There are 2 protein chains.
Amino acid sequence: MSITSFNPPVRTLMGPGPSDVHPRILAAMARPTIGHLDPLFVNMMDEMKVLLQYAFKTENALTLPVSAPGSAGMETCFVNLVEPGDKVIVCQNGVFGMRMTENVVRSGGVAIVVQDAWGQPVDPNKVEQAFKENPDARFLAFVQAETSTGAYSDAKTLTKLAHGHGALVIVDAVTSLGGSQLEVDAWGIDAIYSGSQKCLSCTPGLSPVSFGERAVEVIKNRKTKVQSWFLDMNLVMNYWGGGTKRAYHHTAPINALYGLHEALVMLQDEGLENSWTRHTNLHLALKAGFEALGLSFVVPEGSRLPQLNSVTIPEGVDDAQVRGTLLQRYNLEIGAGLGDLAGKIWRFGLMGHSATPKNVIFALAALESVLTELKAPINRGVALDAAQQVLLAKGY
Amino acid sequence: MSITSFNPPVRTLMGPGPSDVHPRILAAMARPTIGHLDPLFVNMMDEMKVLLQYAFKTENALTLPVSAPGSAGMETCFVNLVEPGDKVIVCQNGVFGMRMTENVVRSGGVAIVVQDAWGQPVDPNKVEQAFKENPDARFLAFVQAETSTGAYSDAKTLTKLAHGHGALVIVDAVTSLGGSQLEVDAWGIDAIYSGSQKCLSCTPGLSPVSFGERAVEVIKNRKTKVQSWFLDMNLVMNYWGGGTKRAYHHTAPINALYGLHEALVMLQDEGLENSWTRHTNLHLALKAGFEALGLSFVVPEGSRLPQLNSVTIPEGVDDAQVRGTLLQRYNLEIGAGLGDLAGKIWRFGLMGHSATPKNVIFALAALESVLTELKAPINRGVALDAAQQVLLAKGY
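What you see is a predicted model; the values in this text were computed from it and never measured.

Participant: Lay out the overall build of chain A with the relevant residues and their values.
Facilitator: Check the secondary structure of chain A and you find 14 helices and 13 strands. In terms of C-alpha radius of gyration, chain A reaches 21 Å, essentially the compact-globule figure of 21 Å for 396 residues. If you line up chain A on its principal axes, its C-alpha atoms span 65 × 55 × 50 Å. Taken across its 396 residues, chain A has 66% of its residues classed as buried. At a minimum sequence separation of 6, the contacts of chain A that also span at least 24 residues come to 72%.

Structure follows, in structure tokens:
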């Protein structure tokens, strides 16, 4: 056996995540490792909390990155809040709503599932109906930005609705944080989780979470122990807790945290609202290009995530062949459809550092060239100009 | 608010982990991020399995790094194997045995605790007795290398003993993997977990695990679902599974895996047994220095981990003052005692890339200088030569 160092190629990442990681963030990850109880590292953890509070628009004290990917952030919310027998209304309009249901069940809770078609946002009327039928529901769980389809649901309205029925909300913001409007305090979101590798443009592996006061009360007053020791916020909050006296829990992923810290400093320097606007503007440019090509969006206008653009694959075009060619010839990664949408849609991410004029124009050019080669039924020679017109109008 | 980039100092890490990370590994972490379903990344995952099988000395197909720190690796073993009501004999001779007990309880199991004093290895006679009193115990769990004390327990004997009673073993090898003899297949270890930031000298955040055939059978034939979705090996094995058809589970921490891959390539190039020998040799040099200073070891000879050297703090010496001075003046991190040993012992790590002649001689010099300044009762001017004699004898 003799395996050698792994030297990955330079891809352009326009799938559902990870997104392109800025060289500043990659460089941060390579800084010298120091101890996780080092006073300087502890100070960095304090800064991280402030930066995450900024990104979430919250003053929640319990705001920190879970030391594992977004799926673990999801699990953190459910295992800490849901106790055996608790009813949870779960909105399912894609893969991640289904995963939430799985988490409820494994936490011993009872999932009341509200279904919407994949590609559609969560329908508040159905949720209202579910609360009427289940007045004892303790939680409402939904995905603000459904990565499997690109649908954006109305977190503000859904949260208000849940609170009107005395329930707390658990929100998946994996793909929205940093890219779309999200106001944890103003909307009163009780528990939320995200991922590092989407609009924050960091490498995957960390999951920012935030818990409001009511959620913290629930966690502190559980009748049963949290089933996960690793994700037990009662323990984790003492590790990430304020002050100089920290209780050792686990060993934090030091260098990954360097990367997230740098990513959040960059977000702070750009300005959160500016980042939202950038994602929207570049989405509009990409959209203009797609529509000029003759491609149609999966999600209805008004509910589209700027950072995840799902379009229907033109008839007769082989999904895998197109994605394979884009990857091999142009080092461009785009996303496939999941579940029933596999082979039927492509998902173009415009997340974080991937959301640039360069990537919009490059992706359109690459896609047009490959579809032209395959004699696909598209409009040729018009997409780039359509996109450029939007870029110019938006001041790029 | 304006937070700037975090630029850590260059420390020498001689605590209980993380250990010094080699520049090759840091550089690997900064390589371009590619997609976690990219064919090149999938190929890298296959290489990672082979490299981990080499490090564990196993042919177990289910050998992979859990996408979270060692604590999550521990939890992975327990939540996948232990079902409600299962009896688990847990050996407690330090912090990590206690954490195992916590994991058994949270998995719904019944923990039969075998106690040994902190600093002592696990006593097989007590374990034998526990099996006699609990012939229905399904698992024996113990820590091969107890990081909180530096005690090395006899994994081969304990595994044989458990098998004689029809039980499977769950072994904590967080601090031993790559640094001390460990033979998963030859000893018949059923389930084992480790960490990336100890003798593999990678950054923290990943937990290599390996499950033998009998353990996999247990996982596949559970009566209940694994309580953790994120750590459910039935799902994770399809993500890390052989072949080109992988089922998406979570997003792997891409760049962290680049780092671990590089660390394992370096281990392969050095040779596993050579690495064990290096750890032993440098331990002997450090030990000669400590004994010349007049410091005594916490763990009896014969049960000492070469990579974690616990010594008693000389009378009248302030623990925090010494560690603080070493950190501030020399950028040298050493470990404090935990639990009842807090303030009473220091833990000097010699793990992975930290295990060098340079670090041995530097740590002794720094410690002697600070203890001299504090007028501590030590023998002066003899430690460096004592260490050097060992280094010379070992061919350094």
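Participant: Which residues make up the sheet that holds strand E12 (residues 332–336) of chain B, and what values go with them?
Facilitator: Hydrogen bonds between backbone atoms are what pair the strands of a sheet, whose relative direction is either parallel or antiparallel. All names here are of chain B. As summarised here, the arrangement of the four strands in space is E1-E12-E13-E11, forming an open sheet in which the pairing is mixed. Either end of the sheet is taken by a strand with one partner, and the two such strands are strand E1 (12–14) and strand E11 (308–312). Taken pair by pair, the neighbouring strands of this sheet meet at an average axis angle of 30 degrees, ignoring direction. Pairing between E11 and strand E13 (residues 345–349): five bridges, direction antiparallel. Bridged to asparagine 309 within E13 is phenylalanine 348. Here helix H11 (residues 272–293) sits on the sheet in contact with E11 and E13, set at roughly 10 degrees to E11. Contacts between helix H13 (residues 357–373) and the sheet are confined to E1, E12 and E13, with E1 contributing the most and set at about 85 degrees to the helix.

Participant: Please set out the sheet that holds strand E9 (residues 191–193) of chain A residue by residue, giving values where relevant.
Facilitator: Residues and elements named next belong to chain A. Pairing is mixed in the open sheet, where seven strands are placed in the order E2-E10-E9-E8-E5-E3-E4. Bordering the open sheet on either side are strand E2 (62–66) and strand E4 (110–115), each of which pairs with just one other strand. Neighbour to neighbour, the strand axes of the sheet diverge by 15 degrees on average, direction disregarded. Of the pairings in the sheet, the one linking strand E3 (residues 87–92) to strand E5 (residues 139–143) comprises three bridges and is parallel in character. Residue pairing across strands places valine 88 opposite phenylalanine 139, the latter belonging to E5. Where helix H3 (residues 70–81) meets the sheet, its contacts fall on E2, E3, E5, strand E8 (168–172), E9 and strand E10 (207–211), and the angle it forms with E9 comes to roughly 160 degrees.

Participant: So what's going on with the UniProt feature "modified residue: N6-(pyridoxal phosphate)lysine" (unreviewed entry) in chain A? Which residues, and what values?
Facilitator: All names here are of chain A. Within this numbering scheme, the UniProt entry marks Lys198 as carrying the feature "modified residue: N6-(pyridoxal phosphate)lysine" (unreviewed entry). Looking at where lysine 198 falls in the secondary structure, it is placed in the loop between E9 and E10. Judged by relative accessible area, lysine 198 falls into the buried class, the value being 6%. Sequence-distant contacts of lysine 198, defined by excluding residues within four places in its chain, comprise Pro16, Gly17, Ser19, Thr147, Val174, Thr175, Met351 and Gly352.

Participant: If you had to explain the interface of chain A and chain B to someone new, which residues and values would you point to?
Facilitator: On the side of chain B, 72 residues touch chain A, which itself brings 72 residues to the contact. Both sides together, the interface formed by chain A and chain B hides about 6200 Å², and carbon and sulfur atoms give 64% of it. Here chain A and chain B share six salt bridges between them. Counting across the interface, chain A meets chain B through 27 residue pairs in polar contact (both at pLDDT 80 or more). Mapped by element, the contributors of at least two residues to the side of chain A that touches chain B are helix H1 (23–29), helix H2 (39–56), H3, helix H4 (95–106) and helix H10 (254–270) of chain A. Per-element accounting of the side of chain A that touches chain B gives the leading share, eight residues, to H2 of chain A.

Participant: Describe in detail the relation of the copies chain A and chain B, supporting the description with residues and values.
Facilitator: Superposition record for chain A on chain B: RMSD 0.0 Å, screw rotation 180 degrees, translation along axis 0.0 Å. What we have between these two chains is a two-fold relation. Minimal C-alpha distance to the rotation axis in chain A is attained by alanine 68 of chain A, lying at 2.5 Å. With an isologous cut-off of 70% or more, the 100% of interface residues of chain A that recur at the interface of chain B puts this contact in the isologous class.

Participant: Tell me about the packing of aromatic side chains, and please be specific about residues and values.
Facilitator: Counting across every chain of the model gives 10 aromatic pairs over all chains. For the pair phenylalanine 6 of chain A and tyrosine 258 of chain B, a centre-to-centre distance of 5.6 Å together with 55 degrees between the ring planes defines the contact as tilted. A residue pair is termed interchain when its members come from two chains, as with phenylalanine 6 of chain A in the segment before strand E1 (12–14) and tyrosine 258 of chain B in helix H10 (residues 254–270). Overall, phenylalanine 6 of chain A belongs to the buried group, its relative accessible area being 11%.

Participant: Give a description of the nonpolar core that names residues and reports values.
Facilitator: Leu140, Phe211 and Met233 of chain A together with Leu140, Phe211 and Met233 of chain B are the most contacted members of the largest nonpolar core, which totals 191 residues. The element best represented in this core is H10 of chain B, accounting for 10 residues.

Participant: Before we move on, could you go through the domain arrangement of chain A and cite the residues and values that matter?
Facilitator: All names here are of chain A. Looking at the assigned domains, one finds that chain A contains domain 1 (22–269) and domain 2 (272–393). Contacts between the two partners involve 30 residues from domain 1 and, on the opposite side, 24 residues from domain 2. Between domain 1 and domain 2, a total of about 2100 Å² is buried, with carbon and sulfur atoms accounting for 62% of that surface. Interface area lost by domain 1 to domain 2 is led by Trp118, Gly150 and Cys199, which between them contribute 19%. Taken together, the connections running from domain 1 to domain 2 amount to one salt bridge. The interface formed by domain 1 and domain 2 contains 11 residue pairs in polar contact (both at pLDDT 80 or more). Mapped by element, the contributors of at least two residues to the side of domain 1 that touches domain 2 are H2, strand E6 (145–146) and strand E7 (151–152). Looking at the side of domain 1 that touches domain 2 residue by residue, the classes come out as 12 nonpolar, 14 polar and four charged.

What counts, and at which threshold
- Residues numbered from 1 in each chain as written.
- Chains lettered and ligands numbered in written order.
- Predicted model: local features only at pLDDT ≥ 70, side-chain atom pairs only at ≥ 80, totals over all residues.
- Heavy atoms only, no water.
- Helix = DSSP H or I, 4+ residues; strand = E, 2+ residues; numbered from the N terminus.
- Rg over C-alpha atoms; globule rule 2.2 N^0.38 Å.
- Buried < 20%, exposed > 50% of the residue type's maximum accessible area, 1.4 Å probe, protein only.
- Contact = heavy atoms within 4.5 Å.
- Pairing = 2+ DSSP bridges.
- Axes fitted to C-alpha atoms, helices over the stretch in contact; angles between N-to-C directions.
- UniProt positions renumbered as here; feature names shortened; annotations may be inferred.
- Buried area = accessible area lost by both parts, 1.4 Å probe.
- Salt bridge = Lys/Arg side-chain N within 4 Å of Asp/Glu carboxyl O.
- Polar contact = N/O pair within 3.5 Å; in protein donor to acceptor, adjacent residues only side chain to side chain.
- Least-squares fit on C-alpha atoms with pLDDT ≥ 70 in both.
- Phe/Tyr/Trp six-rings, centres within 6.5 Å; stacked < 30°, edge-to-face > 60°.
- Core = buried A, V, L, I, M, F, W, Y, C linked by side-chain atoms within 4.5 Å.
- Domains from an automatic or database assignment.
- Nonpolar A, V, L, I, M, F, W, Y, C, P; charged D, E, K, R; others polar.

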